[in-house]
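# Tertiary structure, described
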Amino acid sequence: MSVRILALVGSLRAGSHNRQLAEAAVKHAPEGVEVVLHEGLGQVPFYNEDIDVEGSVPEAAAALRAAAGQADALLLFSPEYNGTIPAVLKNAIDWLSRPYGAGALTGKPVAVVGTAFGQYGGVWAQDETRKAVGIAGATVVEEAKLSIPGSVTRFAETHPADDAEVVEGLTKVIDQLSQAAPAA
């Protein structure tokens, strides 16, 4: 039985280094672990209880909930926007937290990683993401962390999937996260 990890990327930019980091996670997932990169976060409307009505939930939000529901764990990739979590990732967490107490995140192991241009690799945003996802009902795997500084220069000519140090850190996080996932 394999562990299925859903990857959500908090950057919509096609050439995003966090997206590339997620691609590296997909490529280097250890045997017995499948990392699935979710597409379409940009199409999920801002959370609004008025549109979160059974039978008429927007298609992109329903697809996100279904993907999270099928996953054993989630791996969130957060860049840092003005010192905090990107709106697209926070919005995904908001949708996945509902219905209250029974959302797709409830009890699921979640880890947060990322890369940013600054010298700390986006740790503020990652900490905020851990806080939000924990309040939303997920089980945050606190020891599973990876913050990669200097993304613009570090990944200017090297894809994260080809950076041995990054791959080693990412593989460790995936292992920690998969071990926290309930046995299938």
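Here the structure is shown first, and the text comes after it.
I will try to describe carefully the structure that is included in this document. (Residues numbered from 1 in each chain as written. Predicted model: local features only at pLDDT ≥ 70, side-chain atom pairs only at ≥ 80, totals over all residues. Heavy atoms only, no water.)

## Considerations on the sheet that holds strand β3 (residues 73-77)
Across the sheet, 5 strands lie side by side as β2-β1-β3-β4-β5; this open sheet has parallel pairing. Among the strands making up the open sheet, the edge pair consists of β2 (33-37) and β5 (139-148). Ignoring which end each strand starts from, the neighbouring axes of this sheet average 20° apart. Relative to β3, strand β1 (residues 3-9) runs parallel, the two sharing 5 bridges. From the neighbouring strand, V9 faces β3, where its bridge partner is F77. Across the sheet, helix α4 (residues 123-135) touches β3, β4 (109-115) and β5, and the angle it forms with β5 is around 165°. (Pairing = 2+ DSSP bridges. Helix = DSSP H or I, 4+ residues; strand = E, 2+ residues; numbered from the N terminus. Axes fitted to C-alpha atoms, helices over the stretch in contact; angles between N-to-C directions. Contact = heavy atoms within 4.5 Å.)

## A word on the nonpolar core
Of all hydrophobic cores here, the largest spans 28 residues; its most connected members are I5, L75, F77, V113, L170 and I174. Put simply, the parts of the chain that give this core at least two residues each are β1, α1 (17-27), β2, β3, β4, β5 and α6 (164-180). Ranked by size, the runner-up nonpolar core spans 27 residues in total, among them V44, L64, L74 and I93. (Core = buried A, V, L, I, M, F, W, Y, C linked by side-chain atoms within 4.5 Å. Buried < 20%, exposed > 50% of the residue type's maximum accessible area, 1.4 Å probe, protein only.)

## Here we look at the pattern of salt bridges
Throughout the structure, instances matching the rule amount to 9 salt bridges. The shortest N-O distance in the salt bridge between D162 and K27 comes to 4.0 Å. Pair noted here: D162 is in the loop between α5 (151-154) and α6 and K27 is in helix α1, with a separation of 135 residues, a long-range link. A relative accessible area of 55% places D162 in the exposed class. On the basis of relative accessibility, which here comes to 54%, the residue K27 falls in the exposed class. For R130, the salt bridge identified is with D127, shortest N-O distance 2.9 Å. Linking R130 with D127, this pair stays in helix α4, spanning 3 residues, or about one helical turn. By relative accessible area, R130 is classed as buried at 6%. (Salt bridge = Lys/Arg side-chain N within 4 Å of Asp/Glu carboxyl O.)

## So, the side chain of K108
Following the sequence through the fold, K108 ends up in the loop between α3 (87-96) and β4. Buried charge without a partner: K108 forms no salt bridge, and the closest opposite charge is D72, 6.5 Å away. Setting aside anything within four residues of it in sequence, one finds K108 in contact with A68, G69, Q70, A71, D72, A73, L74, A138 and T139. (Lys, Arg positive; Asp, Glu negative; His and termini not counted.)

## Observations regarding α1
Among all positions of α1, only H17, N18, Q20, L21, A22, A24 and A25 are buried. Measuring from the side-chain oxygen of the N-cap residue of α1 to the backbone nitrogen of N18 gives 3.1 Å; that N-cap residue is S16. (Polar contact = N/O pair within 3.5 Å; in protein donor to acceptor, adjacent residues only side chain to side chain.)

## Observations regarding the packing of helix α2 (residues 59-70) against α3
In contact at an axis separation of 10 Å, α2 and α3 are set at 75° when each is read in the N-to-C sense. One element, α2, and the other, α3, form an angle in the roughly perpendicular class. Taken together, the residues of α3 that come into contact with α2 (itself represented by A61, L64, R65 and A68) are A92, W95 and L96. Looking at the contact of α2 with α3 residue by residue, the class counts come to 6 nonpolar, no polar and 1 charged. (Parallel < 35°, antiparallel > 145°, perpendicular 65-115°, else oblique. Nonpolar A, V, L, I, M, F, W, Y, C, P; charged D, E, K, R; others polar.)

## Some thoughts on the pairing of β2
By the alternation rule, side chains of β2 split into V33, V35 and L37, which are all buried, and E34 and V36, of which none is buried. Following the chain from β1 across α1 to the adjacent parallel β2, one finds a crossover that is right-handed. (Right-handed = clockwise from strand over helix to strand, strands pointing away.)

## Describing the packing of aromatic side chains
Scanning all chains against the criterion turns up 1 aromatic pair. Judged by centre distance (4.8 Å) and plane angle (75°), the rings of Y47 and W95 are edge-to-face. Residue Y47 is found in the loop between β2 and α2, and its partner W95 is found in helix α3; the two are separated by 48 residues along the sequence. Classification of W95 by relative accessible area gives buried; the value is 0%. (Phe/Tyr/Trp six-rings, centres within 6.5 Å; stacked < 30°, edge-to-face > 60°.)

These figures capture arrangement, not role.
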